Amino acid sequence: MSSNTLAKTAPAAAGPPAETGEAQPRIVRRPRTGQWLAAAVVLVLLALAANSVIRNDAFQWDVVADYFTSASVLRGLGLTLWLTALVMALGFALGTLLAVMRLSANPVLRAMSWGYVWLFRSMPILVQLLFWFNIGALYPHILGIRTVDLFGPITVAIIGLTLHEAAYAAEVVRGGILSVDRGQIEAAQALGLSRLRRWRRIILPQAMRSIVPPAGNMLIGTLKGTSIVSVIAVQDLLYSVQLVYHRTYQVIPMLLVATIWYVVVTSLLSAGQFYVERHYARGSERTR
């Protein structure tokens, strides 16, 4: 058989299907009338609420603007930020120690850590502050010094908030350490790394992925929780605005001043938490 005959009998090369003239099916999205209607209702309600807040003279926005950056308010804000930073640093330092004790092989250390966390998580923070504020009734003198002279309002606030914060920080740190895969620790031991280097190089960097989110929430909660120290006459942000409205009787605008400052600082802390989480999530599936 000649090559021409083979060429004629060979099947034609596969190619794109011939156009038949029929229209291809068109994908039509399902109408979402209900979702758009709900969104429109929500937007209308938000607009009405915003309009009522802005145009309501009872809010006294001019007074809010006058006192928003006043010296007394800024001093109270500074004390609030300082107290928050100090309490978080001391609380997590003590909480980390308690977490290590809880994970220790020593039963006495484990029991002490568990008892501390159980006790201070069971007591309301306001009760703790009032207890420390009145500690002079139990111990009038400490080391020959009057207790009243040692435990001023700010000292009581630092002690009470730190002890309260450490109980929660201990559980946060312990949970983060337990989230590290056991194989990572065994591999570090096989490499001959010392205990300190294992903690610094292997355990803590991985544990931070689980520690940072709840720690960020604790930081924001501590910032807002410092307002409770106003009951023992610590001149934080809330106490500073209270001093003003006790004198001027402008309660609503002064509370708005404190509220706006809390919102601003909380928003900044939330943004910082996002970037810290992204930093420690590098190389994991959760990185976005």
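Here the structure is shown first, and the text comes after it.
Rules used throughout
- Residues numbered from 1 in each chain as written.
- Predicted model: local features only at pLDDT ≥ 70, side-chain atom pairs only at ≥ 80, totals over all residues.
- Heavy atoms only, no water.
- Salt bridge = Lys/Arg side-chain N within 4 Å of Asp/Glu carboxyl O.
- Helix = DSSP H or I, 4+ residues; strand = E, 2+ residues; numbered from the N terminus.
- Buried < 20%, exposed > 50% of the residue type's maximum accessible area, 1.4 Å probe, protein only.
- Contact = heavy atoms within 4.5 Å.
- Core = buried A, V, L, I, M, F, W, Y, C linked by side-chain atoms within 4.5 Å.
- Expected span 1.5 Å × (residues − 1).
- Bend = angle between axes of the 7 residues up to and from the residue.

Enumeration according to the criterion identifies 2 salt bridges in this entry. For the salt bridge of Glu171 with Arg102, the shortest nitrogen-to-oxygen distance reads 3.2 Å. Taken together, the positions of Glu171 in helix α8 (residues 153-178) and Arg102 in helix α4 (residues 71-102) put the pair 69 residues apart, joining distant regions of the chain. According to the relative accessible area criterion, Glu171 is partly exposed, its value standing at 21%. Salt bridges sharing common partners tie together Arg102, Glu171 and Arg174.

Here Thr222 is to be found in helix α10 (residues 195-225). On the basis of relative accessible area, Thr222 is assigned to the buried category, the value being 6%. Dropping the residues within four chain positions of it, Thr222 is found in contact with Thr84, Val87, Met88 and Glu165.

This part covers the nonpolar core. Core analysis: the biggest nonpolar cluster contains 16 residues, and Val73, Leu237, Val241, Met254, Val257, Trp261 and Tyr262 have the highest contact counts within it. Put simply, the parts of the chain that give this core at least two residues each are α4, α11 (237-248) and α12 (251-280). Residue contributions to this core peak at 7 residues, all from α12. Excluding residues that lie within four positions of it along the chain, Val241 makes contacts with Val73, Met254, Val257 and Ala258.

With that settled, consider α10. End to end, α10 covers just 37 Å across 31 residues, shorter than the expected 45 Å (1.5 Å per residue, more than 12% under). Its maximal kink placed at Arg209, α10 deviates by approximately 45 degrees, while the proline Pro213 follows within four residues.

Our next topic: unusual backbone geometry. Even without being a glycine, Gln60 presents a positive backbone phi close to 50 degrees. Along the polypeptide, Gln60 turns up in the loop between α2 (33-55) and α3 (61-68). Of note in this structure, Tyr249 is not a glycine but carries a positive phi near 60 degrees. Relative to the helices and strands, Tyr249 resides in the loop between α11 and α12.

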